[in-house]
Amino acid sequence: MLKLKNLKVYDPVNGVNGEIKDICMEDGLIVSDNDKADEIRDMSGHIAMAGAIDIHTHIAGEPLPFLRDADNPLLAPSQILGEQYLGLGYTVAVNAAMCALNAREAILEENAIKDLDIGNLVWVGENPLFTKLINEESKESNKSLPEYLSWLLSISGALGLKLINPCGGQSSAESSYHKTIDKMIDATMDLRLAHPLHLHHPFLGSNIASDAVCETIKAAAGRPLHLAHLQFYGYTKNSNDETISAAEKLADAINSNPNITCDVGAVTFGEAAAVTADLEFGEKFGKSKKGFVSTLWEADGGFCVLPMKYSAKNRMNATQFLTGLELMLLVKDPSRICLTTDFPNGGSFLAYPYLIHLLMDKSFRDEELKKLNSKALATSAVPSIKREYSYYEIAQMTRSGPAKLLGFSGKGHLGIGANGGLSCYKEMGNKEDMFRNPAACLKGKKELLSAPKIEYNIDFVKKLTEGVYSVAFEDLEDVHSWAQSLH
Ligand SMILES: [Zn+2]
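A short tour of the structure in this document, coming up. The residue numbers shown here count from 1 along each chain, following its written sequence. pLDDT decides what is reported in this predicted model: residues at 70 or higher carry local features, side-chain atom pairs at 80 or more are listed and counted, and totals for whole chains, interfaces and linings draw on all residues regardless. With hydrogens and water excluded, all non-hydrogen atoms of the structure serve as input to the side-chain values.

1. A few points about the sheet that holds strand S16 (residues 293–296)
For step 1, the next point in the chain: Spatially, the three strands line up as an open sheet ordered S15-S17-S16, and their pairing is antiparallel. Either end of the sheet is taken by a strand with one partner, and the two such strands are strand S15 (270–276) and S16. Pairwise comparison of adjacent strand axes, ignoring direction, gives a mean angle of 15° for this sheet.
For step 2, the next point in the chain: In the sheet, S15 pairs with strand S17 (residues 302–310) via seven bridges, with the strands oriented antiparallel. Paired with Glu271 across the bridge in S17 is Lys309.
For step 3, the next point in the chain: Working rule for contacts: check all heavy atoms of both residues, and any pair within 4.5 Å makes them a contact. An axis is simply a line fitted to the C-alpha atoms; with a helix, the fit covers only the stretch in contact. Between two such axes, the angle follows the N-to-C directions and lies from 0 to 180 degrees. Note on conventions: DSSP H or I runs of at least 4 residues are helices, E runs of at least 2 residues are strands, and numbering of each starts at the N terminus. Sitting on the sheet, helix H8 (residues 279–286) touches S15, S16 and S17, and the angle it makes with S17 is about 45°. Between any two strands, at least two bridges found by DSSP are needed for them to pair.

What follows is the structure, encoded as structure tokens:
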């Protein structure tokens, strides 16, 4: 047993807010102090939080191989990603979009990511069979959708369901994105998945997005819904036809609907890459640009990639940066807005310590704002916001909030029996330096995080998927057991 003495502990789940405590660990678990420590370390001057959780990142599987480059630190081969995450005090990541048919490849890549615990969200959106099932209004289809979704979860070993840009944001006589979202919120609840429907809403990046997202929040009518990378929907136009932030409206909608959660999808400056199964967005944004790759993936829809760079001097990029900050500063409950950059879409997750510094230190924030495009800054509310996050709120945003949302009862806290690891940081004035260099990040054996196995009618699903996939139905079975056997 390892005993760490005199830590200043921030553990919202257990109501601990900066008390000085000793924490004991054995085999990756938090254990009670039995006075039989093999090693004792005095950690005076250090704070402790549970291992952090990235609820929305893209680290494995298609379409990342189109971007990976051993010389590109943003998207290096997967082996170093684990070191990078643990090097910031992160112990868990959720790979936010995996196509079912590519699950084995994604899981093999994840297996090569050292030490980090990983779960996957399997996507639906433009899969033709899925669209057909959503639009069939019959007794039979009421049975078909949950059977199909259970099968997708099973053949991908996934943790939850991600809905990407349903119907391309369109509505017609046969289909509408409103109906698709509505049915999928219900289906996710009926399947008793711990994580609410994880929604990549239509109209990403457009000026109409914020109104549409607010309508969706209203239509959810109290049912749980997670909005992915909300920053990318936080824009509107002013009277001069300029794109400005709509973060205030979105934050108000989140604040008054406790059933809604989100991750921010913050933009940071430097190298990034668009990685998405939202083909409509990809075609509009990237088609003529260098490095753009778009492809269809059998019966699961398609995806595209585009290398990019965000610049502080670019008006739109600066507006995006400010919109993310504004959202995080205006959403009152930090446990309902998880810290993400939608890696690599908004930039690298290595920017988290910088973003934490911006949230915790108003004077640092003011200095950083001076580097931005002045027109973007002139329209932003960020300079007038005085809020500074506390350590406790950072722990809610990066630990207890995402753990609760994902149903990880053992993670995101430091109670006896917790298995989500422990991060210790030497307390410093410069929060970026502090959160970039943990004095310790300790955790147990690597885990693949899956939803509990859901039963489905094999014969029924086999008939349903007949002629759709190029891989034999029997060969798609049992990814869940195979994946667990890798560990
Ligand atoms: Zn994403």
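The discussion continues.
2. Some points on the environment of Met308
For step 1, the next point in the chain: Turning to its location among the elements, Met308 is positioned in strand S17.
For step 2, the next point in the chain: Relative accessibility under 20% of the residue-type maximum defines a buried residue, over 50% an exposed one, and the middle range a partly exposed one, all with a 1.4 Å probe and only protein chains included. On the basis of relative accessibility, which here comes to 17%, the residue Met308 falls in the buried class.
For step 3, the next point in the chain: For the pair Met308 and Ser348, spaced 40 residues apart in sequence, the C-alpha to C-alpha distance is 12 Å.
For step 4, the next point in the chain: Residues within four places of Met308 in sequence aside, it is in contact with Gly270, Glu271, Ala272, Ala273, Ala274, Phe285 and Asn345.

3. Some remarks on the packing of helix H10 (residues 352–360) against helix H11 (residues 362–369)
For step 1, the next point in the chain: Put simply, H10 and H11 touch, their axes get as near as 6 Å, and they point 115° apart. It follows that H10 is roughly perpendicular to H11 by the angle criterion. Between H10 and H11, the contacting residues are Tyr354, His357, Leu358, Leu359 and Met360 on the first element and Lys362, Phe364, Arg365 and Glu368 on the second.
For step 2, the next point in the chain: Three residue categories are used. Nonpolar comprises Ala, Val, Leu, Ile, Met, Phe, Trp, Tyr, Cys and Pro, charged comprises Asp, Glu, Lys and Arg, and polar comprises the others, including Gly. Class assignment for the residues of the contact of H10 with H11 results in five nonpolar, one polar and three charged. For this classification, under 35 degrees means roughly parallel, over 145 means roughly antiparallel, 65 to 115 means roughly perpendicular, and everything else is oblique.

4. Thoughts on the layout of surface pockets
For step 1, the next point in the chain: In the cavity and pocket records, a cavity denotes points on a 1 Å grid over the protein atoms alone where a 1.4 Å probe fits but cannot get out, a pocket denotes an open set with protein on both sides within 12 Å along at least 5 of 7 lines, and lining residues are residues with an atom within 4 Å of a point. Grid points are joined across faces, edges and corners, and a volume is the space filled by probe spheres set on the points. In this structure, the largest pocket spans a volume of roughly 580 Å³.
For step 2, the next point in the chain: Together, 34 residues line the largest pocket, and Leu204, Phe232, Phe281, Phe285 and Met308 are the ones closest to its centre.
For step 3, the next point in the chain: Looking at the lining of the largest pocket, the elements with two or more residues in it are strand S9 (160–164), S15, H8, S17 and helix H9 (315–330).
For step 4, the next point in the chain: Per-element accounting of the lining of the largest pocket gives the leading share, six residues, to S17.
For step 5, the next point in the chain: A volume near 430 Å³ is recorded for the second largest pocket.
For step 6, the next point in the chain: Along its surface, the second largest pocket is lined by 27 residues, and Pro196, Thr261, Gly401, Lys404 and Leu405 are the ones closest to its centre.
For step 7, the next point in the chain: Put simply, the parts of the chain that give the lining of the second largest pocket at least two residues each are helix H5 (177–190) and helix H13 (391–406).
For step 8, the next point in the chain: It is H13 that provides the largest number of residues to the lining of the second largest pocket, a total of five residues.
For step 9, the next point in the chain: Of the residues assigned to the lining of the second largest pocket, the class counts are 13 nonpolar, nine polar and five charged.

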